[in-house]
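A closer look at the structure
Okay, here's what each chain looks like letter by letter:
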Amino acid sequence: MAYASKKEDESGLSSYYNNKTTIIQEARVFNDSPISPRKCRALLTRIVYLLYIGETFSAQEATTLFFGTTKLFQHKDSALRQMVYLAIKELATTAEDVIMVTSSIMKDMQPNSEVIYRPNAIRALCRIIDPSMAQGVERFFKAAIVDRTPSISSAALVSSYHLFPLAKDVVKRWVNEAQEAVSAKSSSSFFPGSSGGGYLNFGSSGNSNSGYQPIPSTSYITQYHALGLLYLIRQQDRMAVTKMIQQLGGGKSGAGTTLKNSMALCMLIRYAAKVMEEDPNVQRQILDLLEGWLRHKSDMVNFEAARAICEMKNVNASQLTKPIAVLQLFLSSPKPVLKFSATRTLATLALTHPAAVASCNVDLENLITDQNRSVATYAITTLLKTGNEASVDRLMKQITGFMSEISDEFKVIIVDAIRSLCIKFPTKHVSMLAFLSGVLRDEGGYDFKRAVVEAMFDMIKFISDCKEQALSHLCEFIEDCEFTKLSVRILHLLGLEGPKAPQPTKYIRFIYNRVVLENATVRAAAVTSLAKFGVNAVDDGLRRSIGVLLNRCLDDVDDEVRDRAAMYLKVMKEASLADTYVKEESVFSLAALESKLVAYVNDVDASAQPFDASSIPKISRAQLAAESTRPSTLDTIAAPATRASASPPPPTAAETQSAYVQQLADMPHFAEYGTVLNSSVKPAQLTESETEYQVTCVKHIFREHIVFQFNVSNTLPDTVLEQVVVVMQPQADSGLTEDAVFQIDSLSCANSPGIVYVSFKRDNPREYTTTSFQCILKFISKELDPSTGRPEEEGYEDEYQLEEVELSAGGDYIIPSYASFSSEWDRLRSGATATETFSLGAMESIKAACDSIIELLNMEPLGGTETPSSPSVHTLQLSGLVTGGGGKVLVRCRMTFSRGQGVTLELGVRAEQENACALVVSVVGG
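**A look at the overall build of the protein chain**
A count of helices and strands for the protein chain gives 39 helices and 21 strands. Considering the protein chain as a whole, with its 926 residues, one finds that 49% of them fall into the buried category. Of the contacts formed within the protein chain by residues at least 6 apart in sequence, a portion of 66% connects residues at least 24 apart. Surface accessibility of the protein chain: about 45,300 Å² in total, with carbon and sulfur atoms responsible for 51%.

**Focus: the packing of helix α30 (residues 520-535) against helix α31 (residues 540-552)**
Relative to each other, α30 and α31 sit at 155°, their axes nearing to 8 Å. If you check the angle between α30 and α31, you find them roughly antiparallel. Between α30 and α31 the crossing geometry is left-handed. In this structure, α30 contributes V527, L530, A531, F533, G534 and V535 to the contact, and α31 contributes R543, I546, L549 and L550.

**Observations concerning the pairing of strand β20 (residues 887-898)**
Where strand β19 (residues 873-882) lies against β20, 10 bridges are found, and the strand directions are antiparallel. For L878, the partnering residue across the bridge sits in β20 and is V891. Note: β20 against strand β21 (residues 902-911), 10 bridges, orientation antiparallel. Bridged to T896 within β21 is T904. Once β20 ends, the chain turns through 3 residues before running back antiparallel as β21, passing G900 with a positive phi of about 95°.

**Observations concerning unusual backbone geometry**
Residue P34 is reached from S33 by a cis peptide bond, and omega for that bond is 0°. Positive phi values are uncommon outside glycine, yet D97 reaches one of about 60°. Along the chain, D97 falls in the loop between α6 (78-91) and α7 (102-108). Within the chain, N314 stands out as a residue other than glycine whose phi angle is a positive 55°. Its relative accessible area of 77% is what places N314 among the exposed residues.

**Considerations on the packing of helix α24 (residues 408-424) against helix α25 (residues 429-440)**
At their nearest, the axes of α24 and α25 sit 10 Å apart, and the two run at 155° to each other. When the axis of α24 is compared with that of α25, the two are roughly antiparallel. Considering how the two elements wind past one another, α24 and α25 form a crossing that is left-handed. When α24 is examined against α25, the residues I414, V415, I418, L421 and C422 are found in contact with a partner set consisting of M432, F435 and L436. A breakdown of the residues in the contact of α24 with α25 according to their chemical character gives 8 nonpolar, no polar and no charged.

**Describing the side chain of E722**
Structurally, E722 is set in strand β9 (residues 719-730). For E722, a relative accessible area of 16% corresponds to the buried category. When residues no more than four places from it in sequence are discounted, the contact partners of E722 are I744, D745, S746, F779, I780, K782 and P791.

**A short note on the pattern of salt bridges**
By the definition in use, this model includes 30 salt bridges. E26 is the partner of R46 in a salt bridge, and the nearest nitrogen-oxygen pair spans 2.7 Å. One end of the pair, R46, is in helix α4 (residues 37-52); the other, E26, is in helix α3 (residues 20-26), and 20 residues separate them in sequence. Note on R46: relative accessible area 3%, which makes it buried. Overall, the relative accessible area of 34% leaves E26 in the partly exposed class. With a closest N to O distance of 2.9 Å, E824 and R827 form a salt bridge. Here R827 and E824 lie together in helix α37 (residues 821-827), a separation of 3 residues that amounts to about one turn. Among the residues examined, R827 registers a relative accessible area of 45% and is labelled partly exposed. Each of E138, K142 and R173 takes part in salt bridges that share partners, so that together they form one network.

**Focus on the state of the cysteines**
One pass over the structure, following the stated rule, counts 0 disulfides. As a non-bridged cysteine, C310 has C360 as the owner of its nearest cysteine sulfur, 9.5 Å distant.

**Observations concerning the environment of R552**
With respect to the helices and strands, R552 occurs in helix α31. Judged by relative accessible area, which is 51%, R552 ranks as exposed. Between the C-alpha atoms of R552 and A565, which are 13 residues apart in sequence, the distance is 8.7 Å.

**Digging into helix α5 (residues 59-70)**
Each turn of an α-helix holds 3.6 residues, which means side chains three or four residues apart point in the same direction. In this model α5 runs 16 Å from its N-terminal to its C-terminal C-alpha over 12 residues, within 8% of the 16 Å that 1.5 Å per residue would give. Along α5, the residues classified as buried are A62, T63, L65, F66, G68, T69 and T70. Looking at the buried residues of α5, the elements they touch are α3, α4, α6 and α8 (117-128).

**Let's talk about the pairing of strand β7 (residues 693-701)**
The buried fraction of β7 is high, at 9 of 9 residues. On β7, burial covers both faces: Y693, V695, C697, K699 and I701 on one face and Q694, T696, V698 and H700 on the other are all buried. Judged from the 2 bridges that link them, strand β5 (residues 678-679) and β7 form a sheet pairing that is antiparallel. Each residue of the ladder has a partner; that of N678, found in β7, is I701. Sheet topology places strand β6 (residues 684-685) next to β7; 2 bridges connect them, and they run antiparallel. By the bridge assignment for β7, Q685 is matched with T696. Looking at chain direction, β7 and strand β8 (residues 705-714) are connected through 9 bridges and run antiparallel. Residue pairing in the sheet places V695 in a bridge with V712 of β8. Here β7 hands over to β8 after 3 residues, the two strands then running antiparallel side by side.

Definitions and cut-offs
- Residues numbered from 1 in each chain as written.
- Predicted model: local features only at pLDDT ≥ 70, side-chain atom pairs only at ≥ 80, totals over all residues.
- Heavy atoms only, no water.
- Helix = DSSP H or I, 4+ residues; strand = E, 2+ residues; numbered from the N terminus.
- Buried < 20%, exposed > 50% of the residue type's maximum accessible area, 1.4 Å probe, protein only.
- Contact = heavy atoms within 4.5 Å.
- Areas by Shrake-Rupley, 256 points an atom, 1.4 Å probe, with all protein chains shown as cover.
- Axes fitted to C-alpha atoms, helices over the stretch in contact; angles between N-to-C directions.
- Parallel < 35°, antiparallel > 145°, perpendicular 65-115°, else oblique.
- Left-handed = near helix turned anticlockwise from the far one by under 90°.
- Pairing = 2+ DSSP bridges.
- Nonpolar A, V, L, I, M, F, W, Y, C, P; charged D, E, K, R; others polar.
- Salt bridge = Lys/Arg side-chain N within 4 Å of Asp/Glu carboxyl O.
- Disulfide = S-S within 2.5 Å.
- Expected span 1.5 Å × (residues − 1).

This is the structure:
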């Protein structure tokens, strides 16, 4: 390829040289006779270059270039042929009628063609053919996979990997060839130590007349590609994967393995770790394999095996001894990549097993001054988690020295480690707070400043001695804070903690400065914070001063700021409003609120009535914070992403409820049932996790109906289930009548899970029916024809016994809801009440009785009463909502415990409705 000179580049000739229009015009060179390989190679290079930098060709342009390129097949120049295949691969996705070049490519795939042609031809063919043609080229791919030349075999294996999603059934038949490629004792290559074949005209297959003789390769890269294809084919069959790992593992020592390629061994280790995570029963055998690979001659394999053991579930200290010893050797290695990988893994392990990692502290301390600051950062964060209180001050001094030399990403890791240390050693809060306040004044991005502020928030929450000083540092920070989100959060915290301080007036100046100097969002937050000082003020003088400041805000240019100021001035004058809007400790459950709003909006008939918020459960602000925040960085300090992080996070309660509403809306029959009053929070598992059919159950409570949603999964890849239903048999006199059953017409492994609905009508909607159901899964089982992939005509009826489904008060009719117990208990004095005494002789302690009652009633424990303060006498307070208009219900459980007699319980219930009160008593009494 001819490169433009610097002078040409400066004058703009380079942009003309690589211009799309110019290249399309110059494509006439493909039609020259005779063909000039040099000119054509240069033009093809420019085409590929444009595609790689993101230039796009229209379908017509790509088609013109594609078929112009195919004319170059008539020339035998090997280097030109390589560029032709590269261009064909890149243009094939855009050009039209690319299938027409198949015959030219197939000629180069013949065993008697040049070695340099065949790998490129195989890769190009993979891009050209459609799924229906895969069976026609099966013979060529099978022969190429077991070819003696590594470049040909690897090309066929990688192409098969890419073909698998499009033609699974065809590629699955190549499993024997892939197994042979993995187990090959030796491979061959023109160059020792490489995976490529010959170059230009010097290499061909053994059957060629060119005299080419393959030379054994030392890389064995074909094994890596073959192992990837084998796993892809077998990944749905856990037993086959386990057997493959044991066959290729080479026994306890690992010496008997046929895998010679280090990357293939690393891949095998990852597969083994995945199997071990999914099936704990094979943990012992696979752990022996992993410990054998710790002694492999390759550092890569040693590290992968050590990391797999460190990331095992429920790993104990004795199992960690060998991998930690390997990682400790890496800490003193001259290779930076080994030091980095070892410190990173130890930093993760120190979160759960600090005592086991402590043996590496001497080596880690030597790395604090390492010239690679990434290594030094992980070393020091690991030491912070494994060190003792005496070493904190020394480590803090060393951290301060290099904070200015590392990027924000690693600064966040350091700050999060300090955050963890504050909770671990609260007596060292003075030096740590000084460090945090210092770095808060340094330059840095939002993530870094947020991490520092979060660390200070935790110190305020958990260490009361440093609360006042930390609040002062935060006040100084918002004086010059460029991040609106952080300013709002700090103002919110000042509104919560400031009024409780010994001298609340010293914070008001900083807050009012935000009203004068900041943007509208921060000004609105500052108004709310000021109002909290006014409402909670003990001194009337302070209350009047806050009123003056809020009156000034009535002239603000932003309507949100004006509205907040006007509202809070009104709130400060009326105590009842203050209790509701400022001092109220409970809030609506966002998951339940969203579910009710979605149902209200989707229900056409509901629009005539105002939205009823009384049926929405409430939770405490602490619970809301726990639900809305991500996992605390205290749990993930300096922890790099692991395999598990690749999977998506589990859906939230709100997302689950919304999904249920959408699934029910897709069934027209349920539209007449009205609004869903309650749905199960968590599906009930009705089968063992190892069985071939997986069934879970979700219950949906309507005013006059109960709908059972059975999520059925078929895990057998070669079997299809048809006419899938669940037969439910309730207990006698249950008060329920079966209304409708909706079956799954066809259920395969690919379209699992499917949903079976069973609907029952409530004979008396005002009664809360509790009963159990015998459940049987019935279906017609049909085998899949391996040649066509379609189910056979004949099948047989089968059935599968499921676990019983319980319809209970707790979780089905009663929803946890937060309340202020004393005020609500007094309010319900005139409502329905009941008092019963029970003897719980089987309970071994009051704590066990509390846990049992909370689980049975599914109600919200209030005021920390779920944890008894005395082993002999205790009062448990519970709050909940009963669906279907049952309203609020409160429970007071007075308990005494004596050895030999167990727990004596006095159950007091107050509710808005008589049937709700009776429901709670019947549950405990039953």
